[in-house]
2 protein chains.
Amino acid sequence: MKQIGANGWVGQGAITQMDELLAEHDGLVFFLVDENTHAHCLPILLAELSNLGEYEILEVPAGEESKCIEVVTNLWLALAEANADRNSLLINVGGGMITDLGGFLGSTYKRGIRFWHVPTSLLAMVDAAFGGKTGIDVNNIKNLVGTFLEADEVFVYPPFLQSLPERELRSGFAEVIKHGLIDGEILLKDALQSWNDQNFDAIIEWAVKVKVDIVDKDLFEQGLRKRLNLGHTLGHAVESYFLEKGTPILHGEAVAAGLLMESWLSHLLLMMETEVFHAIVRDIRKIFPDLYWPEKDDVSILYYLQYDKKNTAGTQRYALLKAIGDCVENVEVGLDESSMAVHWYRNLVYRL
Amino acid sequence: MKQIGANGWVGQGAITQMDELLAEHDGLVFFLVDENTHAHCLPILLAELSNLGEYEILEVPAGEESKCIEVVTNLWLALAEANADRNSLLINVGGGMITDLGGFLGSTYKRGIRFWHVPTSLLAMVDAAFGGKTGIDVNNIKNLVGTFLEADEVFVYPPFLQSLPERELRSGFAEVIKHGLIDGEILLKDALQSWNDQNFDAIIEWAVKVKVDIVDKDLFEQGLRKRLNLGHTLGHAVESYFLEKGTPILHGEAVAAGLLMESWLSHLLLMMETEVFHAIVRDIRKIFPDLYWPEKDDVSILYYLQYDKKNTAGTQRYALLKAIGDCVENVEVGLDESSMAVHWYRNLVYRL
């Protein structure tokens, strides 16, 4: 097991570490789970935690739809009913939905109680559980509301991935690819190798380190951290579109689409080399052979761009690549160029 | 005008100071008001602010009822509709309800945008606008949900008090009395004098300083700051009771009741001198001749104690006085003693 940053514990020994820290806790314990992590992950934790006293389980339905006002309101009230106080501990066991929702719950209930994350999806392990971004969606606008508050501890236990469907794993791998493109230390072929071998232990450790190093330098996203938005400006637009349509796709599936479109913009606007652009498209498509897109003539995804958090009024600001490992934040991009990227991608999907 | 702490501006020149800082702002501006501050305070501000460009006004109904999920959800969506982004500025103009609600709105919209407070009630000027406590009520549980985030600037302009009804002023004066009891530098007779003269400029400056000095040492309320809860443990219970009953009373009216009951507890448990106890009761009743209480035989106020944020599970922790100016936090009090305090107060109201 490896400690990464001040509060990250990654590896087979993560649960043992959690048990040691639980021994120092004196107060109520609440687990936030969805029905999947309740069935598949919580029992593994409970079997290993010898220092856990009384606890309560808060379960929400799986899926992004639970990141909403109604669910968080019920959770606030459930904590109040159970007399949760400032000495209580909330342990969020799940994917990015649970860490986002649970982080918001923990950072706002009684103006903040302690919370730990136990990410169970690849996406949450390498991305969502670190960096203190919490959030809920309002009217299908992703993370319109949230806070910046880091989990007190994060325990990353890779064996949880064994219970995941392949589609979930693949989705999380989009963030691994993103970290590879930003950092450049691991090349796309290493990521591809890890994917083909379905062996993630080493790549998780590395991907967490990329994230934590950036967040440590810029928690509140004043500059550097905006690089982590690579693939997410258009990715979020795609995700919001499908959510509103009532046929949600996974976050990483949207990010994969975003990475493709933003690689195209990188090529167009930052002179990223043609060979590199083609390699990125080729390798991402090896991992994501199925691409999601609305009806062929529907480009209304552009409508969702305006709500992106990274934008100043009226303009879009992207993180783009000059080259692999050379990411630039705050690149102003006009709606025309964004629109061209969307059309390029539409044509890729429909092989026009 | 006097600067108090890093971000407090108190006095006749506060609006001029605000105008100077507005000149440095580059982004959208939103004013949050209720119908009263919209009519009586906002016009005064708008007339004085020469550096204000375009702005939008967000109005909510006056009253504690607006500190709820439904209202804050509408405000989040209104900001999104207006394309508010991380460069936007939210200016909260109103009493404690507006600064609590607006602080929560500003600290959660897109994970936090800049916000300023322009307190217009005495309570907000000396208390609510400082210290970073934001919050909303859920199911009538006061401030069940909130954040700790200080306003970027606070502008205290005493002439706003001239538009206030006497009942509002009196309510705010409860916090002035509380600061007097905690700090001891201003004696009750000075406070009484200020009340009788209806001259508040000097006492506001002093009361803000008491608050800011404590908060600077303990923003997250780990210890010292809990002293500011004097009068609020039972005060909040009284306030929640009347809110749930559908006949809300003002916060300061509840705090005045809380100060009386907790002075009784201070006398009982911390040996506060009998003469001091009697003087506190006498002077508070000079300012608050009308005391609020449920039906004579209804002591269900005790039910609301359990939800108080300051309590560890199962016990009540009060801030109490050994003497005026000698406040102690974290005094554990059993339900029996709390119940006796409630009965003592009931008897005071009904002159049993």
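Residues numbered from 1 in each chain as written. Chains lettered and ligands numbered in written order. Predicted model: local features only at pLDDT ≥ 70, side-chain atom pairs only at ≥ 80, totals over all residues.

Colleague: I'm lost on the overall build of chain A in this one. Help?
Modeller: For chain A, the count of helices and strands is 13 helices and 11 strands. The C-alpha atoms of chain A give a radius of gyration of 20 Å, which matches the 20 Å a tight globule of 352 residues would have. Overall, chain A is about 60 × 40 × 35 Å in size when its C-alpha atoms are taken along their principal axes. Sequence-distant contacts, at least 24 apart, represent 76% of the contacts inside chain A between residues at least 6 apart. (Helix = DSSP H or I, 4+ residues; strand = E, 2+ residues; numbered from the N terminus. Rg over C-alpha atoms; globule rule 2.2 N^0.38 Å. Contact = placed C-beta atoms within 7 Å.)

Colleague: Please explain helix H1 (residues 14-22) of chain A as it appears in this structure.
Modeller: The periodicity of an α-helix, 3.6 residues per turn, causes residues three or four places apart in sequence to face the same way. Residues and elements named next belong to chain A. Along H1, the residues that are buried comprise Ala14, Ile15 and Met18. Looking straight down H1, one finds its buried side chains confined to an arc of 95 degrees; they lie on one side. Looking at the buried positions of H1, the neighbouring elements they touch are strand S2 (8-10), helix H3 (42-48) and strand S9 (153-156). (Buried ≥ 20, exposed ≤ 12 C-beta atoms within 10 Å, placed from the backbone. Arc of directions from axis to C-beta.)

Colleague: What exactly am I supposed to notice about the sheet that holds strand S4 (residues 55-60) of chain B here?
Modeller: Hydrogen bonding along the main chain pairs the strands of a sheet, whether they run parallel or antiparallel. Residue and element names in this part refer to chain B. Read across the open sheet, the seven strands follow the order S1-S2-S9-S6-S5-S3-S4; overall the sheet is mixed. Edge positions in the sheet fall to strand S1 (2-4) and S4, since each of these pairs with one other strand and no more. Adjacent strand axes in the sheet meet at a mean angle of 20 degrees when their direction is disregarded. Of the strand pairs in this sheet, S1 and strand S2 (residues 8-10) are connected by three bridges, and their pairing is antiparallel. Bridging across to S2, Gln3 finds its partner in Trp9. Packed onto the sheet, helix H1 (residues 14-22) meets S2 and strand S9 (153-156) and runs at close to 150 degrees relative to S9. (Pairing = 2+ DSSP bridges. Axes fitted to C-alpha atoms, helices over the stretch in contact; angles between N-to-C directions.)

Colleague: Teacher, can you tell me more about the nonpolar core here?
Modeller: The nonpolar side chains of soluble globular proteins are, as a tendency, buried together. Counting residues in each nonpolar core, the largest one holds 204 residues, and the members touching the most others are A:Val93, A:Phe155, A:Val156, B:Val93, B:Phe155 and B:Val156. When sequence neighbours within four positions are dropped, the list of residues in contact with A:Phe155 reads A:Trp9, A:Ala14, A:Ile15, A:Gln17, A:Met18, A:Trp116 and A:Val118. (Core = buried A, V, L, I, M, F, W, Y, C linked by C-beta atoms within 7 Å.)

Colleague: Would you take a moment to explain the relation of the copies chain A and chain B for this structure?
Modeller: Here two copies of a chain appear, and what relates them is a rotation about an axis with a shift along it. Taken as rigid bodies, chain A and chain B are interconverted by a rotation of 180 degrees and an axial shift of 0.0 Å, the fit giving an RMSD of 0.0 Å. The operation mapping one copy onto its partner corresponds to a two-fold rotation axis. Using C-alpha coordinates, one finds that chain A approaches the rotation axis most closely at A:Ile69, a distance of 4.0 Å. Here 100% of the interface residues in chain A have copies in chain B that are interface residues too; the copies meet face to matching face. (Least-squares fit on C-alpha atoms with pLDDT ≥ 70 in both.)

Worth remembering: the numbers are spatial, not functional.
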